[in-house]
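The lines below spell out each chain.
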Amino acid sequence: MPANHQLRILFVLNPVSGGRSKAEWESGIKNYYKDTEHTYELYLTNGQNDRSSLTHWIESWKPDRVVAVGGDGTLKLVAEILASNEIPLGILPAGSANGMARELGLPASLEACLDIIMGDNIRKIDTIKINGKDTCLHLSDIGLNAQLVKYFEENGWRGKLGYARGLLRVLINKKVLHVRIETEQESLIRDAFMVVLANARMYGTGAMINPKGNLEDGVFEVIIIRKLSISAFMKILFRTRNFNPDKIEILPAKSVVIEVKKKAYFQIDGEYKGQTKAIKAEVQKQVLPIMLPVTTT
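Description of the structure in this document. (Residues numbered from 1 in each chain as written. Predicted model: local features only at pLDDT ≥ 70, side-chain atom pairs only at ≥ 80, totals over all residues. Heavy atoms only, no water.)

**Some thoughts on the overall build of the chain**
The line we're drawing: Helical segments are the DSSP runs of H or I of at least four residues, strand segments are the runs of E of at least two, and each set is numbered from the N terminus. Three exposure classes are used, based on accessible area relative to the maximum for each residue type with a 1.4 Å probe and protein chains only: buried under 20%, partly exposed in between, and exposed over 50%. Any two residues whose heavy atoms approach within 4.5 Å are treated as being in contact. Throughout, the Shrake-Rupley method with a 1.4 Å probe supplies accessible areas, and for residues the shown protein chains are the sole cover considered.
Looking only at helices and strands, the chain features 8 helices and 14 strands. By the burial criterion, 55% of the 297 residues in the chain qualify as buried. Here the analysis covers contacts within the chain between residues at least 6 apart in sequence; of these, 72% occur between residues at least 24 apart. Carbon and sulfur atoms provide 48% of the accessible area of the chain, an area that totals close to 13800 Å².

Laid out in structure tokens, this is it:
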């Protein structure tokens, strides 16, 4: 175990993320620390007052590390709290779609992830503040994919198969967005099927939407998908190849205003946020301390 001094670690565990029991994860954590002097606690989310109660727990227990055990939703909850202080964030990818863990190059092994959490490679990454209140760690979008996220949530589907089941319904109802996009550098009007706010490079499925993505560079990318065939949309779900650059437009930005003529579906990091006609977003540069593998660049 890398750390040679006693640490207090708070594990925030979503017992139902990905639709699977986390008993195995709890057992693995217990075994990892059983012969050490490190102290740990488990906080189980319940989907009701998690933000306020977890904030209180962190303030009172004062952990040296806080670890999100679950999928991107659990990670987002913890990250939004930790972005306001200096406590490092660790990740145990236990959800059905672990997009951010994939982005950061985290291993699949529980023990290997715990080794990272107990190490000392702490880096600060950017986030995106949306409409002055929501935090985006990974990828948010307006349009077609957000519509699919809505169907996914309504039906309680899980994993790639769940998304695939909603694909036909989305494609039948797909609509072109008439959108105005204004960054600090340019203003333009486009017709598009979806517009992505990309802090990272790829969706949880591995589809590379933003090859230029860098979590530490102080900018994010606005990805305008002007054309979208069935095969291209399938890449979002199942394939790791890059999108065709002739059908997308990438704008680097520190801030952006996006307006559409008619309300469109909107999601942040896999959480459906309803329909909207306007989005304002700005980068929050290197605000989130996170535990990363030593080899991450």
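Next comes the rest of the write-up.
**Some details on the side chain of N121**
This is how the line gets drawn: N or O atoms closer than or at 3.5 Å make up a polar contact, with two conditions inside protein: a donor-capable atom paired with an acceptor-capable one, and, for residues adjacent in sequence, both atoms drawn from side chains.
Position of N121 relative to the elements: it lies in the loop between α5 (110-117) and β5 (122-130). The class of N121 is buried, set by a relative accessible area of 17%. From its side chain, N121 meets the backbone oxygen of L292 in a polar contact 3.0 Å long. Reaching out from N121, the side chain makes a polar contact with the backbone oxygen of P293 at a distance of 2.9 Å. Apart from the residues lying within four places of it in its own chain, the contact partners of N121 are I290, M291, L292, P293 and V294.

**Digging into the packing of aromatic side chains**
Short version of the rule: Pairs were defined over the aromatic rings of Phe, Tyr and Trp, the Trp ring being its six-membered one, requiring ring centres within 6.5 Å. Orientation was assigned from the angle between planes: stacked under 30 degrees, edge-to-face over 60, tilted for the rest. Geometrically, a lysine NZ or arginine CZ counts as sitting over a ring once it is within 6 Å of the ring centre and also within 35 degrees of the ring normal.
By the definition in use, this model includes 6 aromatic pairs. Between F11 and Y40, the aromatic rings sit 6.1 Å apart at their centres with planes inclined by 85 degrees, giving edge-to-face as the arrangement. Placement of F11 in strand β1 (residues 8-13) and of Y40 in strand β2 (residues 39-44) is noted, with a sequence separation of 29 residues between them. The buried category is assigned to F11, whose relative accessible area is 0%. Arranged with centres 5.4 Å apart and planes meeting at 35 degrees, the rings of Y33 and Y40 form a pair that is tilted. You can call Y40 partly exposed: its relative accessible area is 25%. Through a chain of ring-to-ring contacts, three or more aromatic side chains come together here, namely F11, Y32, Y33 and Y40. Positioned above the aromatic ring of W61, the side-chain terminus of R8 is 4.3 Å from the ring centre.

**Some remarks on the nonpolar core**
Using the following cut-off: As used in this record, nonpolar core signifies buried Ala, Val, Leu, Ile, Met, Phe, Trp, Tyr and Cys residues forming a set joined through side-chain atoms within 4.5 Å.
Grouped together as the largest cluster of nonpolar side chains are 30 residues, with contacts concentrated most on L54 and L89. When contributions to this core are tallied by element, the ones reaching two or more residues are β1, α2 (50-61), β3 (65-70), α3 (72-82), β4 (89-93), α4 (99-103) and β14 (271-291). It is α3 that contributes the most residues to this core, 6 residues altogether. When near neighbours in sequence (up to four residues on either side) are disregarded, L54 contacts L10, V12, Y43, L77, V78 and I81.

**Observations concerning α3**
Along α3, 10 of the 11 residues are buried, which leaves the element largely enclosed by surrounding structure. Turning to α3, its buried residues number three or more, namely D72, T74, L75, K76, L77, V78, A79, E80, I81 and L82.

**Some remarks on unusual backbone geometry**
For residues other than glycine, phi is negative in most cases, and the peptide bonds are mostly trans. Backbone geometry places N131, a non-glycine residue, at a positive phi of 55 degrees. Inspection of the secondary structure puts N131 in the loop between β5 and β6 (134-136).

**Examining the side chain of N145**
Summarising the element assignment, N145 is placed in helix α6 (residues 144-155). Here the side chain of N145 touches D141 through a polar contact of 2.9 Å, side chain to side chain.

**Observations concerning the packing of helix α1 (residues 23-33) against α5**
Helix packing for two helices is described by the angle between their axes and how far apart those axes are. The condition is simple: Structural elements are reduced to axes, namely lines fitted to C-alpha atoms, with helices fitted over the stretch in contact, and the angle between N-to-C directions of any two is expressed from 0 to 180 degrees. Roughly parallel means an angle under 35 degrees; roughly antiparallel, over 145; roughly perpendicular, 65 to 115; everything else is oblique. For a crossing to be left-handed, the near helix must be turned anticlockwise from the far one by less than a right angle; the clockwise case is right-handed. Residues are grouped as follows: Ala, Val, Leu, Ile, Met, Phe, Trp, Tyr, Cys and Pro are nonpolar; Asp, Glu, Lys and Arg are charged; every other residue, Gly included, is polar.
Viewed as axis vectors pointing N to C, α1 and α5 meet at an angle of 55 degrees, and their least axial separation amounts to 10 Å. If you check the angle between α1 and α5, you find them oblique. As for how α1 packs across α5, the hand of that crossing is right-handed. Note on element contacts: α5 touches α1 through L110, E111, L114 and D115, opposite W25, G28, I29, Y32 and Y33. Each residue belonging to the contact of α1 with α5 can be placed in one class, and the counts come to 6 nonpolar, 1 polar and 2 charged.

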